[in-house]
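The primary structure of each chain is shown beneath.
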Protein chains: 2
Amino acid sequence: MKLAIYGYGNLGRGVECAVTQNPDAELTAVFTRRDPESVKTLTGVPVYSAESILDFKDKIDVLIICGGSATDLPKMTPYLAAHFNVVDSFDTHAKIPSHFENVNKAALENGNIALISAGWDPGMFSIARVYASSILPDGKDYTFWGRGVSQGHSDAVRRIDGVIDARQYTVPVPEAVDAVRQGLCPELTTRQKHTRECFVVAEEGADKQRIENEIKTMPNYFSDYDTTVTFISAEEMKEKHSALPHGGSVIRTGKTGLSKENSHVIEYSLKLDSNPQFTSSALVAFARAIFRMRARGETGCKTVLDIAPADLSPLSGDQLRAHML
Amino acid sequence: MKLAIYGYGNLGRGVECAVTQNPDAELTAVFTRRDPESVKTLTGVPVYSAESILDFKDKIDVLIICGGSATDLPKMTPYLAAHFNVVDSFDTHAKIPSHFENVNKAALENGNIALISAGWDPGMFSIARVYASSILPDGKDYTFWGRGVSQGHSDAVRRIDGVIDARQYTVPVPEAVDAVRQGLCPELTTRQKHTRECFVVAEEGADKQRIENEIKTMPNYFSDYDTTVTFISAEEMKEKHSALPHGGSVIRTGKTGLSKENSHVIEYSLKLDSNPQFTSSALVAFARAIFRMRARGETGCKTVLDIAPADLSPLSGDQLRAHML
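The model shown is predicted, which means the values in this text are computed figures rather than measured ones. (Residues numbered from 1 in each chain as written. Chains lettered and ligands numbered in written order. Predicted model: local features only at pLDDT ≥ 70, side-chain atom pairs only at ≥ 80, totals over all residues. Heavy atoms only, no water.)

*Asks:* Could you clarify how one ought to interpret the side chain of Asn112(A) in this entry?
*Replies:* All names here are of chain A. Relative to the elements of secondary structure, Asn 112 occurs in the loop between helix H3 (96-109) and strand E6 (113-116). Overall, the relative accessible area of 10% leaves Asn 112 in the buried class. At 2.9 Å, the side chain of Asn 112 forms a polar contact with the backbone oxygen of Ala 81. Here Ala 82 takes part through its backbone oxygen, which lies 3.4 Å from a polar atom of the side chain of Asn 112. (Helix = DSSP H or I, 4+ residues; strand = E, 2+ residues; numbered from the N terminus. Buried < 20%, exposed > 50% of the residue type's maximum accessible area, 1.4 Å probe, protein only. Polar contact = N/O pair within 3.5 Å; in protein donor to acceptor, adjacent residues only side chain to side chain.)

Okay, here's the thing in structure tokens:
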């Protein structure tokens, strides 16, 4: 299958790397909104202007859209789904239904197929929630994130006056995770589930007390959490906080038996050195599924919940049954 | 959807309980090879002779076959797939390809749909292996079972002369699990992955040393493992070892990045109070998927790898996207 990347940041570079691990996939082009001359790809794949994308209509089986969820994808994915089979990693949970409608309309009207919100949450965590709740209907599930870097929270801290750079780690509270794993079904407040750790490089002479206070009282981002703020040097930031690790767990506990006499715990966990590279690897696997489903005549917008696991694998049905089942 | 149970042992009773947790499912009948008069169901569902099953051809949407994998299912599932849409939990890994062929032929020829090998391994663990290996192609996966009762190994011990009752627990080696979780990709022998714990009730005056020796040297079952044997009373067996707990983990570690610079760990774990009740709960969820797929016109044999997660859930696509994605 011939893939192409639309948008060449962390995620796009991750897709480029992931394609090298999948022998049935070939990367034909990278599209950028920057000057193509200024962009050099990791593997030498040719770079074209995003404006020229429609010239490639018959040369791409699946276009992987690597834009941001805030402003890029709500416009890009419906537009591109009118011309290509596409995959994106749209991750604004509350806006998924409207994004789905827009993409579905564009894809259906033009006989294309699209998959939105691939990645890990939404993505693999969503899949874990649906399997677990379908098998254990009488239960409760919990999602914990971290320890990992939240880019949205890091950006929020960076916008504070006097802050040069910042990195925010989301950390699950170990006691809460343990209580859930034991099947105690605790009622947990936002504060009881996660803590937030901020590492901040401040301008020389900045009022650190004020910065710390502004962080800890910031509504939506920090005020509902126990937050720690640590001021560090630019050197330490570069040395210890350059990576983008993340992960977490989806845990569902449920009862079975006529008098609910048996308890069960299902847990799906991820520990990722690189959040964008894992998401990119998922994008490529879901691109394979979309490619196959289109070949079977399917069109319209799908989500990861609509994809059978077998369609993600390079192995045949016979191979899967003999070796993986 | 109208469900029925064929075979009423631990698994069949588990399905009966699971149906009560799924408001969109109705249990219409239980079929038994015993005298139906001698069987009383937990919820009052009527019991019929297995021989009368063909009289119910138009009254059952999906028939859940609750037989043993050794001798029952290889005959039952192909026979019944010729007349009904069916689900089974066939778990002899090595014989899945031939079972699939037989069931597929019967189902296709008669316009029915069948799903084989639902449960947790094969089943949810198979699904975990396929997702993880598709997303992280450059990696290695490990499956650990336990701590839990292996019924096959318990039966093997019971067949030894002088043994009245026995229970065998499969136990993963903690150091091996830790090494895998750390991404060390260890090469592990059978002995390094699991130990086996046997609890045995011996006849009065039996030669315990001989029994212990026969267990520990039994080929295929115990000779490749470090095994402990503990003799206990019949009372202690009943009190402490009546349940059928099980579980385990599928862990895949893999690398991403052009120079494989990032490591990732994906883990799917189960901790089950009752192995048969969890399997039963999975059977009902997969029956829902089969029912829907048949309504869309699909026929032939499927496995859990062919089922999209959304088809397992009672929620609609809109509900799933709004609340679960």
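*Asks:* I would appreciate a short explanation of the environment of Arg181(B) in the present structure.
*Replies:* Relative to the assigned elements, Arg181(B) resides in helix H6 (residues 174-181). Residues Arg181(B) and Arg252(B), spaced 71 residues apart in sequence, show a C-alpha to C-alpha distance of 8.3 Å. Leave out the neighbours within four places in its chain, and Arg181(B) touches Lys271(A), Ser249(B), Ile251(B), Val265(B) and Glu267(B). At 2.7 Å, the side chain of Arg181(B) forms a polar contact with the side chain of Glu267(B). (Contact = heavy atoms within 4.5 Å.)

*Asks:* What is the right way to read the interface of chain A and chain B from this model?
*Replies:* Many analyses report the size of an interface as the accessible area lost when the parts associate. The interface is formed by 67 residues belonging to chain A together with 67 residues belonging to chain B. Both sides of the chain A and chain B interface together cover about 5700 Å² of buried area, and 64% of this is carbon and sulfur. Here chain A is connected to chain B by 0 salt bridges. Counting every contact that joins chain A to chain B gives 25 residue pairs in polar contact (both at pLDDT 80 or more). Looking at the side of chain A that touches chain B, the elements that each hand over two or more residues are H3, helix H4 (124-135), strand E12 (246-256), strand E13 (262-272), helix H10 (275-295) and helix H11 (317-323) of chain A. No other element matches the 11 residues that E13(A) contributes to the side of chain A that touches chain B. Grouping the constituent residues of the side of chain A that touches chain B by class yields 33 nonpolar, 21 polar and 13 charged. Pairing analysis gives 9 bridges linking E13(A) to strand E13 (residues 262-272) of chain B, with the strands arranged antiparallel. Pairing of Ser269(A) across the sheet is with Glu267(B), part of E13(B). (Buried area = accessible area lost by both parts, 1.4 Å probe. Salt bridge = Lys/Arg side-chain N within 4 Å of Asp/Glu carboxyl O. Nonpolar A, V, L, I, M, F, W, Y, C, P; charged D, E, K, R; others polar. Pairing = 2+ DSSP bridges.)

*Asks:* Could you clarify how one ought to interpret the nonpolar core in this entry?
*Replies:* Soluble, globular proteins show a tendency: their nonpolar side chains are buried together. Counting 160 residues, the largest nonpolar core has Leu3(A), Leu63(A), Phe286(A), Leu3(B), Leu63(B) and Phe286(B) as its most contacted members. Once residues within four sequence positions are removed from consideration, Leu3(A) is found in contact with Val19(A), Ala25(A), Glu26(A), Leu27(A), Thr28(A), Ala29(A), Ile60(A), Val62(A), Ile64(A), Val284(A) and Ala287(A). The next biggest cluster of nonpolar side chains, apart from the first, holds 14 residues, and it includes Ile160(B), Ala166(B), Val200(B) and Ala206(B). (Core = buried A, V, L, I, M, F, W, Y, C linked by side-chain atoms within 4.5 Å.)

Remember that the coordinates give geometry; whether it matters functionally is a separate question.
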